[in-house]
Amino acid sequence: SPPSLEAEEANETENGPRMTPSELQKVALSNGGYSTPYLNDTLFLSFGGYRRIESLEAYTGLKALYGESNGFAVLEGLSE
């Protein structure tokens with residue numbers, strides 16, 4: 001049977017970094033972006049080892065999201 005959601009969330013730190021607000025801010029700043037999420041129009045998440053897209057709600061000004069070479073199994077959390 002597939003692993004439960006709780007088991008999946010518990011293992012995420014073992015499977016790679018999580019896209020927490022502080023992680024996203026660090027990524028934005030390291031690529032010439034801003035510490036204020038909505039001011040960023042581009043976010044470079046490529047080669048980050050992420051398994052899930054999350055915590056992007058505050059990035060309302062995004063026009064481009066680069067996420068190649070990660071381990072995304074499902075693209076979700078991009079509805080807005």
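> Requested: an account of the nonpolar core, with residues and values cited.
Of all hydrophobic cores here, the largest spans 10 residues; its members are Met19, Leu24, Val27, Ala28, Leu43, Leu45, Tyr50, Ile53, Leu56 and Tyr59. Of all the elements, helix H2 (residues 21-30) adds the most residues to this core, at 3 residues. Aside from chain neighbours lying at most four places away, what touches Ile53 is Met19, Phe72, Leu75, Glu76 and Leu78.

> How would you sum up the environment of Leu65? Please name residues and give values.
Here Leu65 lies in strand S2 (residues 64-66). For the pair Leu65 and Ser46, spaced 19 residues apart in sequence, the C-alpha separation works out to 9.1 Å. Beyond its immediate chain neighbours, meaning those up to four positions away, Leu65 contacts Leu43, Leu45, Leu56 and Leu78.

> Got a sec to walk through the side chain of Asn70? Specific residues and values, please.
Tracing the backbone shows Asn70 in the segment after S2. At 2.9 Å, the side chain of Asn70 forms a polar contact with the backbone oxygen of Leu45. From its side chain, Asn70 meets the backbone nitrogen of Gly48 in a polar contact 3.1 Å long. Discounting residues that sit within four places of it in the chain, Asn70 has contacts with Leu45, Ser46, Phe47, Gly48, Gly49 and Tyr50.

Scoring rules and cut-offs
- Starting from 1, residues in each chain are numbered consecutively following that chain's sequence as written.
- The predicted nature of this model means local features are confined to residues of pLDDT at least 70 and side-chain atom pairs, given and counted, to a pLDDT of 80 or more, with totals for whole chains, interfaces and linings taken over all residues.
- Hydrogens and waters are ignored; side-chain quantities use all the structure's heavy atoms.
- Within this scheme, the nonpolar core is defined by two criteria: the residues are buried Ala, Val, Leu, Ile, Met, Phe, Trp, Tyr or Cys, and they are joined through side-chain atoms within 4.5 Å.
- Throughout this description, buried means an accessible area under 20% of the type-specific maximum (1.4 Å probe, protein chains only), exposed means over 50%, and partly exposed covers the range between.
- Helix and strand assignments follow DSSP, with helices taken as H or I runs no shorter than four residues and strands as E runs no shorter than two, numbered in order from the N terminus.
- Contact definition: two residues touch when any of their heavy atoms are within 4.5 Å.
- N or O atoms within 3.5 Å of each other form a polar contact, as long as, within protein, one can give a hydrogen and the other can take it, and as long as residues adjacent in sequence are counted only when both atoms are side-chain atoms.

Coordinates in, geometry out; function isn't part of it.
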